[in-house]
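Summary of the model geometry
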Amino acid sequence: MMVQETLQLLESSGSRQLMTELYGAGQAEANVARYQELVKGYEKIFGDQDILLFTSPGRTEISGNHTDHNHGKVLAGSINLDCVGVAAKNNSRSVRIISETYQQDFTIDLDDLTPSAKYAGTVDLTKGLLRGFEEAGYKIGGFDAYITSNVISAAGVSSSASYEMLLCAMLNTFFNEGKMDTVAYAHIGKYSENHFWNKASGLLDQMACAVGGLITIDFKNPAEPAVEKIDFDFASAGHSLIIVQTGKGHADLSADYSSVPNEMKKVAQYFGKEVLADVEEQAVIDNLKAVREYAGDRSVMRAFHFFEENKKVEAEVAALKEGRFQDFLANITASGNSSWKWLQNCYTNSNYQEQGISVALALTEMFIAEKKKGACRIHGGGFAGVIMAMLPNELVEEYIAYIEKALGEGCAYKMSIRPYGAVCCNELMK
């Protein structure tokens, strides 16, 4: 579809319906304009091409904190912040990507997908995705993409996975006849982060961004994770999900992030297993003295978190299905407490005087205690960054004013769950 046809499509009733589903009724018109500006930006650089529109959301982790990498269970959702792209095949052996948001413009030679010495940055991540497609037996080819994103960077809502899944949708549509499933997307994103970014990530971020909606995932068989969509809208329960950005930590947190899966796996290794999903909690308790000597106490505490967190995910899913929303909130609180006390990812020991997460949680817990409503927890990888609060709609504005007065204006974001993951928009607009 050429540029003018695409601009006309964005003016259609189908476009407005999709924008309402993705962003909410109050944001539909603003996002129509956002997409139109993106198309015009593409045209200025690349000219009038046969283009397609793509979107990939950020994600919120509701429960299942640091369980995916040991093949556990999670409850997550795609959010109404996303990475959006205009793209077209260029019939060459190169991929050119322009990021409006991050002011990046780079070209990758498809015949040279070697990572840089740093194993970091968007170029390496993109090379890893392209190599991941090849390694998995999928096709790649040359294309041009013009991208923008409002997924908050370094905020635990997976701006990197959103970008990864956007490119997966493009490569699937252009070169693989749309036949790939979201599990394939997720594995390719994980491959890129593991091998081209030196990040020991699991599949949670990629699956939540790729699938869309509110979902629970069991990673016991990581090659084919069991994904179930949960038909529940927080708005119907009169609650909103708020993400609070507490500030980026100054320490290098790579070692902190990697220590969590590695220490859990150390406990599994005692039993001759690779991951904790293959170990029984009672076995750890029955052999506790020897496990502590072999793996260390923090490893044991993190293992306990893993086992109990899986139970909380099951309880939360059951509560949502059965309409027991207060039980759901109680389990969110319990899950957050487990992350703080057992998993221990609310601050880094390398800089224990910097505790933005802990401060934000303390403030939010005091607010919730006074109102006797709501729940909160750490959000995402932890050690710095972000917390999540689930509050009744009538308290949202008061809470945002309260937390922003303490932590800084613009730190709180009200979010909603959207029904679509990483998709080509054109067919959905017709």
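Structure: see above.
Within each chain, residue numbers correspond to sequence positions counted from 1 in written order. Per-residue local features are limited, in this predicted model, to residues with pLDDT of at least 70; the limit for side-chain atom pairs, both in listing and counting, is 80 or more; totals at the level of whole chains, interfaces and linings are taken over all residues. With hydrogens and water stripped out, all remaining heavy atoms of the structure feed into the side-chain values.

**Digging into the overall build of the protein**
Counting its regular elements, the protein contains 15 helices and twelve strands. Each principal axis of the C-alpha atoms in the protein carries an extent, and together these give about 65 × 50 × 40 Å. The buried share among the 430 residues of the protein stands at 56%. Across the protein, contacts joining residues at least 24 apart in sequence account for 73% of those joining residues at least 6 apart. Computed with the Shrake-Rupley method and a 1.4 Å probe, the accessible areas treat only the protein chains shown as cover for residues. By element, 49% of the accessible surface of the protein is carried by carbon and sulfur atoms, the whole surface being about 17800 Å². Of the side-chain charges in the protein, 39 are positive and 55 negative, and the distance between the mean point of each set is 3 Å. We count a stretch as a helix when DSSP gives it H or I for four or more residues in a row; a strand needs E for two or more, and each element gets its number in order from the N terminus. Remark: exposure states derive from per-residue accessible area (1.4 Å probe, protein chains only) relative to the maximum for the residue type, with buried under 20%, exposed over 50%, and partly exposed in between. Contacts are assigned to residue pairs that have any heavy atoms within 4.5 Å of one another. Positive: Lys, Arg. Negative: Asp, Glu. His and the chain ends are not part of the count. Just so you know, the charge point we use is NZ for Lys, CZ for Arg, CG for Asp and CD for Glu.

**Quick word on the pattern of salt bridges**
Salt bridges are defined as contacts in which a side-chain nitrogen from Lys or Arg sits within 4 Å of a carboxyl oxygen from Asp or Glu. All told, the structure shown has 26 salt bridges when counted by the stated rule. The partner of Arg324 in a salt bridge is Glu322, with the nearest N and O atoms 2.8 Å apart. A residue is classified by how much of its surface remains accessible, and Glu322, at 53% relative accessible area, is exposed. Residues joined in a network through salt bridges with shared partners are Glu11, Arg16 and Glu29.

**Side note on the side chain of Gln36**
Residue position: Gln36 is located in helix 3 (residues 28-46). Exposure remark for Gln36: the relative accessible area of 14% places this residue in the buried category. Among residues more than four places away in sequence, those in contact with Gln36 are Leu7, Leu10 and Glu11.

**A short note on unusual backbone geometry**
The phi torsion of most residues other than glycine is negative, and most of the peptide bonds are trans. Even without being a glycine, His66 presents a positive backbone phi close to 55°. Considering the arrangement of structural elements, one finds His66 in the loop between strand 1 (52-63) and strand 2 (73-89). In this structure His66 comes out as buried when scored by relative accessible area, which is 10%. One non-glycine residue with positive phi stands out, namely Gln344, at about 65°. Tracing the backbone through its elements, the reader meets Gln344 in the loop between helix 12 (325-343) and helix 13 (356-371). A relative accessible area of 30% places Gln344 in the partly exposed class.

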